[in-house]
Number of protein chains: 2
Amino acid sequence: MENKIGIVNIGTYIPDARVSNFDRKEEFEIDDTFITEKIGIRSVARKAKDEETSDLCVKAFQNLVEKQDLNLEEVEVAIVVTQNPDYNLPHTASLVHKKLGLSEHVASFDISLGCSGFVYGLSVIESFMNQHGMKKGLLFTADPYSKILNPKDKNTSLLFGDAGAVTLIGEKPVFRSGNSTFGTIGEGYGELICTEDLYMNGRSIFNFAARYVPKDVEKVLSKNNLTKEEIDLFIFHQGSKYICDTLIRRIGLDESKVPFDAANYGNTVSSSIPIILEKYLEDSKETPSDKTLICGFGVGLSWASTILHRNY
Amino acid sequence: MENKIGIVNIGTYIPDARVSNFDRKEEFEIDDTFITEKIGIRSVARKAKDEETSDLCVKAFQNLVEKQDLNLEEVEVAIVVTQNPDYNLPHTASLVHKKLGLSEHVASFDISLGCSGFVYGLSVIESFMNQHGMKKGLLFTADPYSKILNPKDKNTSLLFGDAGAVTLIGEKPVFRSGNSTFGTIGEGYGELICTEDLYMNGRSIFNFAARYVPKDVEKVLSKNNLTKEEIDLFIFHQGSKYICDTLIRRIGLDESKVPFDAANYGNTVSSSIPIILEKYLEDSKETPSDKTLICGFGVGLSWASTILHRNY
């Protein structure tokens, strides 16, 4: 197992610009408790209007290479997880390929998934690399909902923030993946959908997560022969504080093991998990993360979970 | 190798409706030779206006189950390759999941790729299934360009046809994949792009294919320790008759080994290869296909090749 590939490093980009939810209390008829306790999101990050999805990827990459020596020539695959591409065709990975100056031999494509996209993408890139004997790959997540949401829509405008992340996959990883679980309820495809603009049935998405995530946590633990007590850290997709609190209660978790981190940037869709995971790359005795359970859930309806084992 | 998964069967759907290019000779100032010899496409298939991308997938699936016993409960993964999804979010695989009534435990997502999408998709689904010990998967391709092309645009309107295909991946396959090659030239992202509507720089795409496909054929042969003489069948993406003829000449192939099949339905993007491959599922001494080289190339710019080995 020592040579198995996995997560080597993570670069992130959260735009500086913020829209404060406290400034919108009157417009949306909400109070401080709603902001701090229910959604838990005080402000949402907003990209510049001319910043494209591929630019979020490039900026996350710049953050990565500040921390990590990386020979671009060695990159063999680049995947972008998004449902807000620069164009529908070509795929965004091709624009990222150009902007980073990657080699001609690089395999690249986009995966269309939302909040479950990081866990799925991690599994797709790792299995693709294993199959083809590849040693270095880049998994980008960037899904700026500000491109499609109506700023006057309370159900989405207060929640979703823009960000991007890139996860370097390679040898001598910090985290190796265990067995994964995946699921889909196509019947719920209309609960979070973009027709003209973004529509979310918040209650329905909440009920889905509150019902299905606990079952999936149980399933992924069992598939990895682990108990919840053996897990150091649970990184759930950051839909809202309320959903994280509900999962803590329903699964019966120690809340110190379940970070809610999105207060000052919002729900960043497929980037929510890597943005938190980045903070745990360095081992620390105060916040152990030898065994980390990650779980993404949302649009589709779709969900996925896996266990990350610390390797270094 | 006997238990390795691979292509078990293929279902296809080409809409009945056709637009004849002979009826458009005056409008586009073209003659019969241009139609029959240069593009080689006499008519293009057109889906009904209210037929969605997910419907093309469902109709291809109906064709599959006419030929193949399939217990829906056993399907573990469903992937849709498209750049013309029903919606940008959710992914089209989630609508296909609903329409087919697939199980909750099915992993599903879309891959955004164009004419290289079948070869990539095949590799993604096979590696994903191998990694997770999955035994049955569905790879859909459906990219109806009629949704985005301007009927008055000579560069695209005469070429692209609508279709869908589904490839069943499982045990005891008819075809097993060999080693694959992949490539990207992000610099060429603007040569085939949809901004307001579809734009294609035909000459540039042609030059790319004429230059890069022969090199990639050489590379994939070498990666599989094969010579071109050992290959029974070459299935190239059906961009146009002219590109297929050019590849035959430049690579030095026997033209009887290189089908051009798109005359009566057009360039169906990622469905071009499975539509032809379906015709070779049954072994036949007149048209051997023990070793088949498949190569897709186009939007991105992107390309991929592999060798299919007959197993049964």
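Throughout, residues of each chain are indexed from 1 in the direction in which the sequence is written. Whichever chain is written first becomes A and whichever ligand is written first becomes 1, with later ones labelled in order. Totals for whole chains, interfaces and linings use every residue, but because this is a predicted model, local features are given only for residues with pLDDT of at least 70 and side-chain atom pairs only at 80 or more, for both listing and counting.

To continue, consider the overall build of chain A. When you go through chain A residue by residue, the secondary structure sums to 9 helices and 13 strands. The dimensions of chain A, computed from C-alpha atoms along their principal axes, are 55 × 45 × 40 Å. In chain A, which comprises 312 residues, the proportion classed as buried is 58%. Each residue is represented by a C-beta atom placed from its backbone, and any two residues with such atoms within 7 Å are regarded as in contact. For chain A, long-range pairs separated by at least 24 residues make up 80% of all intrachain contacts whose partners lie at least 6 apart in sequence. Helix and strand definitions here come from DSSP, where helices need a minimum of 4 consecutive H or I residues and strands a minimum of 2 consecutive E residues; each element is numbered from the N-terminal end. Between the buried cut of 20 or more and the exposed cut of 12 or fewer other C-beta atoms within 10 Å of a residue's own C-beta lies the partly exposed class, and all C-beta atoms are placed from the backbone.

To continue, consider the nonpolar core. Core analysis: the largest hydrophobic core is formed by 202 residues, its most contacted members being Ile79 and Phe140 of chain A together with Ile79 and Phe140 of chain B. Those residues within four positions of phenylalanine 140 of chain B in sequence are excluded, and the remaining contacts are Cys57, Ala60, Ile79, Val80, Val81, Val96, Gly164 and Val166 of chain B. Take the buried Ala, Val, Leu, Ile, Met, Phe, Trp, Tyr and Cys residues, join any whose C-beta atoms are within 7 Å, and the set you get is a nonpolar core.

Working note: a packed helix pair is described by the angle between its axes plus the distance between those axes. Residues and elements named next belong to chain A. Axis geometry follows a simple rule: fit a line to the C-alpha atoms, using only the stretch in contact for helices, then measure angles between N-to-C directions, giving values from 0 to 180 degrees. In contact at an axis separation of 10 Å, helix α7 (residues 202–223) and helix α8 (residues 241–251) are set at 40° when each is read in the N-to-C sense. Between α7 and α8, the angle falls in the class oblique. Two packed elements cross with a definite hand, and for α7 against α8 that hand is right-handed. Contacts between α7 and α8 involve Phe206, Ala209, Ala210, Val213, Pro214 and Val217 from the former and Ile243, Thr246, Leu247, Arg250 and Ile251 from the latter. The classification used treats Ala, Val, Leu, Ile, Met, Phe, Trp, Tyr, Cys and Pro as nonpolar, Asp, Glu, Lys and Arg as charged, and all other residues, Gly among them, as polar. Looking at side-chain class alone, the contact of α7 with α8 contains 9 nonpolar, 1 polar and 1 charged residues. Angles below 35 degrees are treated as roughly parallel, those above 145 as roughly antiparallel, those between 65 and 115 as roughly perpendicular, and all remaining angles as oblique. Rotating anticlockwise by less than a right angle from the far helix to the near helix defines a left-handed crossing, while the corresponding clockwise rotation defines a right-handed one.

Side-chain direction in a regular strand flips from residue to residue, so the side chains alternate between the two faces of the sheet. Strand β5 (residues 107–112) of chain B sits mainly inside the fold: 6 of its 6 residues count as buried. Of the two faces of β5 of chain B, the one carrying Ala107, Phe109 and Ile111 of chain B and the one carrying Ser108, Asp110 and Ser112 of chain B are both buried. Strands pair, by our definition, only if DSSP identifies at least two bridges between them. Alignment of strand β5 (residues 107–112) of chain A against β5 of chain B, held across 3 bridges, turns out to be antiparallel. From the neighbouring strand, aspartate 110 of chain A faces β5 of chain B, where its bridge partner is serine 112 of chain B. Inspection of the sheet shows strand β4 (residues 77–81) of chain B paired to β5 of chain B by 5 bridges, in the parallel sense. Its bridge partner lying in β5 of chain B, valine 77 of chain B is registered against alanine 107 of chain B. Here, the term right-handed applies to a crossover whose path from the first strand over the helix to the second runs clockwise when the strands point away from the viewer. Taken together, β4 of chain B, helix α4 (residues 92–100) of chain B and β5 of chain B constitute a β-α-β crossover, and its handedness is right-handed.

Below, the discussion takes up the domain arrangement of chain A. All names here are of chain A. What the domain assignment lists for chain A is domain 1 (6–170) and domain 2 (175–310). On a C-alpha basis, the centres of domain 1 and domain 2 stand 17 Å from each other. Facing the 44 residues of domain 1 at the interface are 45 residues of domain 2. Breaking the side of domain 1 that touches domain 2 down by element, the ones donating at least two residues are β1 (6–13), α2 (32–39), β3 (43–45), α5 (117–132), β6 (136–142), α6 (154–157) and β7 (164–170). Ranked by residues supplied to the side of domain 1 that touches domain 2, first place goes to α5 with 7 residues. Of the residues belonging to the side of domain 1 that touches domain 2, the class tally is 22 nonpolar, 16 polar and 6 charged. These domain boundaries are the output of an automatic or database domain assignment.

Here the focus is the relation of the copies chain B and chain A. Turning chain B through 180° and shifting it by 0.0 Å along the axis lays it on chain A, with an RMSD of 0.0 Å. These values place the two chain copies in the arrangement generated by a two-fold rotation axis. Minimal C-alpha separation from the rotation axis in chain B is found for isoleucine 111 of chain B, amounting to 2.4 Å. A shared binding surface is used by both copies, with 100% of the interface residues of chain B retained as interface residues in chain A. Superposition of the copies used a least-squares fit over C-alpha atoms from residues whose pLDDT is at least 70 in both.

Moving on to the environment of tyrosine 145 of chain B. All names here are of chain B. Mapped onto the elements, tyrosine 145 comes out in the loop between β6 (136–142) and α6 (154–157). Distance from tyrosine 145 to serine 157, taken between C-alpha atoms, is 8.9 Å for residues 12 residues apart in sequence. Beyond its immediate stretch of four places on either side in the chain, tyrosine 145 contacts Asn84, Thr156, Phe160, Leu198 and Val269.

Residue and element names in this part refer to chain B. Residue placement: alanine 48 occurs in the loop between β3 (43–45) and α3 (53–67). Looking at alanine 48, the number of C-beta atoms within 10 Å reads 12, which means it is exposed. The spatial distance from the C-alpha of alanine 48 to the C-alpha of aspartate 16 is 9.4 Å, given a sequence separation of 32 residues.

What follows deals with helix α7 (residues 202–223) of chain B. All names here are of chain B. Working rule for helices: expected span equals 1.5 Å times residues minus one. When the terminal C-alpha atoms of α7 are compared, their 30 Å separation across 22 residues agrees well with the 32 Å that a helix rising 1.5 Å per residue should span. Listed as buried for α7 are Ile205, Phe208, Ala209, Val213, Val217, Val220 and Leu221. Its buried side turned inward, α7 meets β9 (181–184), β10 (192–194), β11 (198–200), α8 (241–251), β13 (291–298) and β14 (302–310).

Detailed reading of the predicted coordinates is not advisable wherever pLDDT falls low. The pLDDT value tells you how sure the predictor is about a given residue, anywhere from 0 up to 100. Residues at a pLDDT of 70 or more form 99% of chain A, whose mean pLDDT is 96. We note a pTM of 0.97 for the whole complex and an ipTM of 0.96 for its interfaces.

Where α5 of chain A contacts helix α5 (residues 117–132) of chain B, the two axes come as close as 8 Å, and the packing angle between them is 95°. Taken as axis vectors, α5 of chain A and α5 of chain B run roughly perpendicular relative to one another. Residues Ser123, Val124, Ser127, Phe128, Asn130 and Gln131 of chain A of α5 of chain A pack against Ser123, Val124, Ser127, Phe128, Asn130 and Gln131 of chain B of α5 of chain B.

Opposite the 47 residues of chain B that make contact, chain A presents 47 residues. The set of elements that each furnish at least two residues to the side of chain B that touches chain A consists of α4, β5, α5, β9 and β10 of chain B. Counting residues per element, the side of chain B that touches chain A draws most heavily on α5 of chain B, which supplies 8 residues. Broken down by class, the residue content of the side of chain B that touches chain A amounts to 21 nonpolar, 22 polar and 4 charged.

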